[in-house]
Amino acid sequence: MTAHQIYIKRCLDIAKKGLGTTRPNPSVGCVIVHNNQIIGEGFTSKYGGNHAEVNAINSVAKTNLLKESTLYVTLEPCAHYGKTPPCSDLIIKHNIPRVVIGCLDDNKKVAGKGIKKLENAGCQVIVGVLEKLCKIHHKRFFTFHNKKRPYIILKWAETNDGYIAPGIRNEQKPVWITNVFSRQLVHKWRTEEQSILIGTNTAIADNPSLTARDWSGNQPIRVVLDKEGKLPQNFNIFNKASSTISITKSDIDFSQNIVEQICNLLYDKNINSLIVEGGTKTLQSFIDENLWDEARVFIGNTAFNSGVIAPKLSGHLVSEVSILNDSLKTYLND
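Because the structure is a prediction, the values reported are computed rather than measured.

## As for the UniProt feature "binding site: NADP(+)" (unreviewed entry) in the chain
Per the UniProt annotation, the sites labelled "binding site: NADP(+)" (unreviewed entry) are Ala-157, Trp-176, Thr-202, Gly-279, Thr-280, Lys-281, Thr-282, Leu-283, Gln-284 and Ser-285. With a sequence span of 129 residues, these residues are also far apart in the fold, their greatest C-alpha distance being 23.2 Å. Topologically, Trp-176 is positioned in the loop between β7 (163–166) and α7 (180–192). You can see Thr-280 is positioned in helix α10 (residues 280–288). Taking the relative accessible area as the measure of exposure, Thr-280 reaches 17% and is therefore buried. With residues up to four places along the chain from it excluded, the contact list for Thr-280 reads Ile-164, Val-308, Ile-309, Ala-310 and Pro-311.

This is the structure we're talking about:
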């Protein structure tokens, strides 16, 4: 790897620390280098707080070195006033002569304006270092701004004979297919995404909380499809652990293009990522309308012999890992 790639890779590593806390803003990573030594670094603060560049600059002990340094950042510095002032202005204020950027910001409020402002101030700007990796890291942000919908992750667990739920349930709700480590990983994922959705049938059958009880972090906004608005308010999904959005027939037309309408509604609410944890009917509707980006499928070491068949998916298998006796397959919708 080149020196530029090494430092952008470091930016990506620290940017991951902000996942789930910066939403709906992207979690950006930034490092500042002087004479091949990192003298400052930072990632995006919780929504409404400092951007990564501000935190990195503030972490530099000897600020006189900034005028001889290079700033590395995963995403183009902003050029507009939002919750905070423009990062490009701060870079210019400190006379940082070189900026290396992983990828451009597609947000129409930025979209090259940050780079132009830096160059007009005499800053040398390099763009596109580890661009593919930076775009993957910022996939939620780019999907939201380019496709006008949340980044959608489908998640389910199925038995080794292809069932997502048994035909006959006992009093246990839900019926577990995977082991405790797989379930903890799911809770970690919940802290990283802005919202999580189930359908009416899953709400009734499992009475889930949809919270991250087994991992420390932000709780996702819970979304439940409740056409008639008749789900009991004492269900776990309505508890005070997190906020809940109920989608009823007054919100969307349940007779056609349900998933597209859900996406539009969540986009209007500024939600940039969604985990779909519903049953087969809900999951399959996202697959059939081709409105999904990633699927994470657990295969447990158990069999039901009969029951509710798992969703049918065509996608690009990008990874398969073992979690004790469970298998986790990840697909992308190419």
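## Regarding α10
Considered for burial, the residues of α10 that qualify are Thr-280, Thr-282, Leu-283, Gln-284, Phe-286 and Ile-287. Residue Asn-290 follows α10 closely and has a positive phi angle near 55°.

## Comments concerning the nonpolar core
Note on soluble globular proteins: their nonpolar side chains tend to be buried together. Ranked by size, the top nonpolar core spans 39 residues in total, and within it Ile-57, Leu-71 and Tyr-72 carry the most contacts. Of all the elements in the fold, those that place two or more residues in this core are α1 (3–15), β1 (29–34), α2 (52–58), β3 (70–75), α3 (87–93), β4 (98–103), α4 (113–120) and α6 (139–147). With five residues, the top contributor of residues to this core is α1. Once residues lying within four places of it in the same chain are set aside, the contact partners of Ile-57 are Ile-32, Leu-66, Leu-71, Leu-90, Ile-91, His-94 and Ile-96. In terms of nonpolar packing, the next biggest core, distinct from the first, is built from 29 residues, Phe-254, Ile-262, Leu-274 and Ile-287 among them.

Each value, and the rule that gives it
Residues numbered from 1 in each chain as written. Predicted model: local features only at pLDDT ≥ 70, side-chain atom pairs only at ≥ 80, totals over all residues. Heavy atoms only, no water. UniProt positions renumbered as here; feature names shortened; annotations may be inferred. Helix = DSSP H or I, 4+ residues; strand = E, 2+ residues; numbered from the N terminus. Buried < 20%, exposed > 50% of the residue type's maximum accessible area, 1.4 Å probe, protein only. Contact = heavy atoms within 4.5 Å. Core = buried A, V, L, I, M, F, W, Y, C linked by side-chain atoms within 4.5 Å.

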